[in-house]
Amino acid sequence: MLRKTLMLFVASFFVFSLGLLNLAKAEPVVKVGVDTTFPPFEMEEHGKVVGFDVDLVNAIAKVEGFKVEWHTMDFQGLIPALQTGTIQMAVAGMTITPQRAQVVYFSKPYYHSGQSILVKKDSPIKDLADLKGKTVATKLGTTADIMLSKMKDIKVERFTNIDDAYNQLQNGGAQAVVFDNPVNINYAKTHKNVHTVGKLLTGEDYGIAVSKQDPKLLEKVNAGLEKIIQNGTYLKLYRKYFGDDNAGLITK
Amino acid sequence: MGGFFNVIWQNLPQLIYGAKLTLFYSVVVIIVATFLGLIFALFKISHNPIFKKTGEVYVHIFRGLPLLVEIFYIYFALPMILPLHKWFHPYFTPIAGILALSLNEGAYITEIIRAGILSIGKGQTEAAYSIGMTKYKTMRYIILPQAFKRMIPPLVNQFIQTIKDTSLLSVISISELTRQGQIIISTTFASLQIWTAVAVIYLAMIFTLTGISGYLERRFKIDRR
């Protein structure tokens, strides 16, 4: 009996210390929320999460020494998830706004963007003023939604996914889509019957959102972002996804 | 503590607007679905093979698909082959929502009405025929009124389900109560307060319907055979 108890004690001590060792050696895991319906910033290909934002966060994680666990969810659910601590970070082409900054932290900007109007090639709509009296589709909870909601005489249809908004344009339910310019451009590349019109509306910066429960993580993200801008990784990633179009480039 | 609930009062008009839309869609769908249910129930108990088959196919399809899929199909799939947005401009969104919900609820109501009718003993029908009543008169004056009493509890159940199912219309951008909740939260980030307010409003609506149903049951004395 004494022998058995002794062996049990030694075995559990062994397992326990192995566990401790693992804990000490393992990199912290950060849960990052992402909405993979926002090409070319985040998409899903063959079950894997890919895109500019994804590569960006992976590069920052590598240089700051933490592991990333990707959690896909709807865009409108990202900030609530950060508020409850379900995820520690979120990256989703998310514009830094004062309202959002009240409930989450934002990293320094990593991309400069703006909204644009997408219409069918035979549409009479040429700029923002022409949207009066029309039906415009966009994505729920985004800065496009916020901007359109403030305008008068426009019927706004809000969808959970931007694909549904694009479909609405294609089948005639909406006469235009207003959304982040890079995503519109990306869509127009593969759909020859639409194009963007008018000049770039609003000027907005994308930031990585960090849960307010984790201020240390914010410091790491900003430090990592700074490092990859300095060592050229950021520029390399930018060129990979946006080529020579410098509109979104953050210049320091 | 009042500051915590402020966001509810500030957005109450929007929530009420959503609740009104929820009520609107619920009432319209209940009416259309009951109408459909009555027609297809009579089809299913008909001796005519074409009517019978039509009724069976209708119930199989619309009970056999998730409501969300039915909504997506009518709203996103069909417009790709038919210019539905042009035909019904600018009402295709509400029409699609009402259609999808009514077809789905109608399939369940078909079965409720059919069960109610079949539960009335053959003796009633035979007695009616023996004094020279036509099939129509029998159904209209003898069978259906008696069946109706039996159908009240399951029908009210289905009507409550309909109110809840209207929340799925949020996915085709119909601004009913659930969607209003999502919209308000997307700018205020007050998930706890807003979802609580939405839940309370739904409970109030369904509680009222249950109260009406209790009144109907007492009025028609359905606990007495």
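Residues numbered from 1 in each chain as written. Chains lettered and ligands numbered in written order. Predicted model: local features only at pLDDT ≥ 70, side-chain atom pairs only at ≥ 80, totals over all residues.

Scanning chain A from terminus to terminus reveals 9 helices and 12 strands. Its C-alpha atoms give chain A principal-axis dimensions of about 90 × 40 × 35 Å. For chain A, the proportion of its 252 residues judged to be buried stands at 42%. Contacts spanning at least 24 positions in sequence make up 71% of the contacts within chain A whose residues lie at least 6 apart. (Helix = DSSP H or I, 4+ residues; strand = E, 2+ residues; numbered from the N terminus. Buried ≥ 20, exposed ≤ 12 C-beta atoms within 10 Å, placed from the backbone. Contact = placed C-beta atoms within 7 Å.)

Turning next to the overall build of chain B. The secondary structure content of chain B amounts to 9 helices and 0 strands. Traced from its N-terminal end to its C-terminal end, chain B shows the element sequence α-α-α-α-α-α-α-α-α. Dimensions of chain B along its principal axes, counting C-alpha atoms only, are 70 × 50 × 25 Å. Within chain B, buried positions represent 34% of all 225 residues. In chain B, the proportion of contacts linking residues at least 24 apart, taken out of those at least 6 apart, comes to 77%.

Another point: the environment of Phe179 of chain A. Residues and elements named next belong to chain A. Mapped onto the fold, Phe179 is located in strand β10 (residues 176-180). Judged by the 26 C-beta atoms lying within 10 Å of it, Phe179 falls in the buried class. Sequence-wise, Phe179 and Asn222 are 43 residues apart; in three dimensions their C-alpha atoms are separated by 27 Å. Once residues lying within four places of it in the same chain are set aside, the contact partners of Phe179 are Gln115, Leu118, Thr138, Lys139, Ala144, Ile162 and Asn184.

Note the cis peptide between Pro39 of chain A and Pro40 of chain A, where omega equals -5°. Turning to its location among the elements, Pro40 of chain A is positioned in the loop between β1 (29-34) and β2 (43-45). A cis amide bond links His89 of chain B to the next residue, Pro90 of chain B, at an omega of -10°. For Pro90 of chain B, the position within the fold is in the loop between α4 (84-87) and α5 (92-118). Within the chain, Phe189 of chain B stands out as a residue other than glycine whose phi angle is a positive 60°. Mapping Phe189 of chain B onto the fold places it in the loop between α8 (177-188) and α9 (191-219). The exposure class of Phe189 of chain B is partly exposed, given the 19 C-beta atoms found within 10 Å.

Right, let's talk about the domain arrangement of chain A for a bit. Residues and elements named next belong to chain A. Taken domain by domain, chain A holds domain 1 (29-110 + 207-248) and domain 2 (113-204). Between the C-alpha centres of domain 1 and domain 2 there is a distance of 24 Å. Residues belonging to the side of domain 1 that touches domain 2 are distributed by class as follows: 4 nonpolar, 6 polar and 1 charged. (Domains from an automatic or database assignment. Nonpolar A, V, L, I, M, F, W, Y, C, P; charged D, E, K, R; others polar.)

On to the interface of chain B and chain A, then. The partner chain A presents 18 residues to the 15 residues of chain B that form the contact. Of all the secondary-structure elements, those providing two or more residues to the side of chain B that touches chain A are α4 and α8 of chain B. The dominant element in the side of chain B that touches chain A, judged by the number of residues it contributes, is α8 of chain B, at 4 residues. Among the residues forming the side of chain B that touches chain A, the class breakdown is 8 nonpolar, 6 polar and 1 charged.

Moving on, we come to the sheet that holds β10 of chain A. Backbone-to-backbone hydrogen bonds pair the strands of a sheet. The strands run either parallel or antiparallel. Residues and elements named next belong to chain A. The mixed open sheet is built from 5 strands, whose spatial order is β9-β8-β10-β7-β11. Strand pairing shows two members of the sheet lacking a second neighbour, β9 (155-159) and β11 (194-206), which therefore form its edges. In this sheet, adjacent strand axes meet at a mean angle of 25° when their direction is disregarded. Where strand β8 (residues 135-139) lies against β10, 2 bridges are found, and the strand directions are parallel. (Pairing = 2+ DSSP bridges. Axes fitted to C-alpha atoms, helices over the stretch in contact; angles between N-to-C directions.)

Residue and element names in this part refer to chain A. As summarised here, the arrangement of the 5 strands in space is β4-β1-β5-β12-β6, forming an open sheet in which the pairing is mixed. Edge strands, defined here as strands with exactly one partner in the open sheet, are β4 (67-72) and β6 (104-106). Those strands touched by helix α8 (residues 215-230) are β1, β5 (89-90), β6 and β12 (209-211), and its axis lies near 155° from that of β12.

The subject of this paragraph is the packing of α5 of chain B against helix α7 (residues 135-165) of chain B. Residue and element names in this part refer to chain B. Packing of α5 against α7 brings their axes to within 8 Å, and their N-to-C directions diverge by 155°. Classed by the angle they form, the pair α5 and α7 counts as roughly antiparallel. In the crossing of α5 with α7, the sense of the turn from one axis to the other is right-handed. Residues Leu101, Glu105, Tyr108, Ile109, Ile112, Ile113, Gly116 and Ile117 of α5 pack against Ile143, Ala147, Arg150, Met151, Pro154, Leu155, Gln158, Thr162 and Asp165 of α7. (Parallel < 35°, antiparallel > 145°, perpendicular 65-115°, else oblique. Left-handed = near helix turned anticlockwise from the far one by under 90°.)

Let's shift gears to the nonpolar core. The biggest cluster of nonpolar side chains holds 71 residues, and the ones touching the most others in it are Met89, Ala90, Ala176, Val177 and Ala209 of chain A. Here this core takes 6 residues from helix α2 (residues 52-64) of chain A, the largest share from any one element. Residue contributions to this core reach at least three from each of two domains, namely domain 1 (29-110 + 207-248) and domain 2 (113-204) of chain A. Residue contacts for Met89 of chain A: discarding those within four places in its chain leaves Val30, Val32, Ile208, Ala209, Val210 and Leu217 of chain A. Residues Ile30, Ala33, Leu101 and Leu155 of chain B belong to the second largest nonpolar core, which totals 34 residues. (Core = buried A, V, L, I, M, F, W, Y, C linked by C-beta atoms within 7 Å.)

When pLDDT is low, close inspection of the predicted coordinates is not appropriate. Residues and elements named next belong to chain B. With 97% of its residues at a pLDDT of 70 or more, chain B has an overall mean of 91. Across chain B, the element-wise mean pLDDT spans from 87 in α4 up to 96 in helix α2 (residues 49-63). Across the assembled chains, the prediction reports ipTM 0.75 with pTM 0.82. (pLDDT = per-residue confidence, 0-100.)

Residues and elements named next belong to chain B. With 15 residues, α2 ought to run about 21 Å at 1.5 Å a step, and its terminal C-alpha atoms sit 21 Å apart, in line with that. Those residues of α2 that fall on the buried side of the exposure criterion are Gly55, Val59 and Phe62. Burial along α2 is one-sided: seen end-on, the buried residues are contained in an arc of 90°. Opposite the packed face of α2, turned more than 90 degrees from it, sit the exposed residues Pro49, Ile50, Lys53, Val57 and His60. (Expected span 1.5 Å × (residues − 1). Arc of directions from axis to C-beta.)

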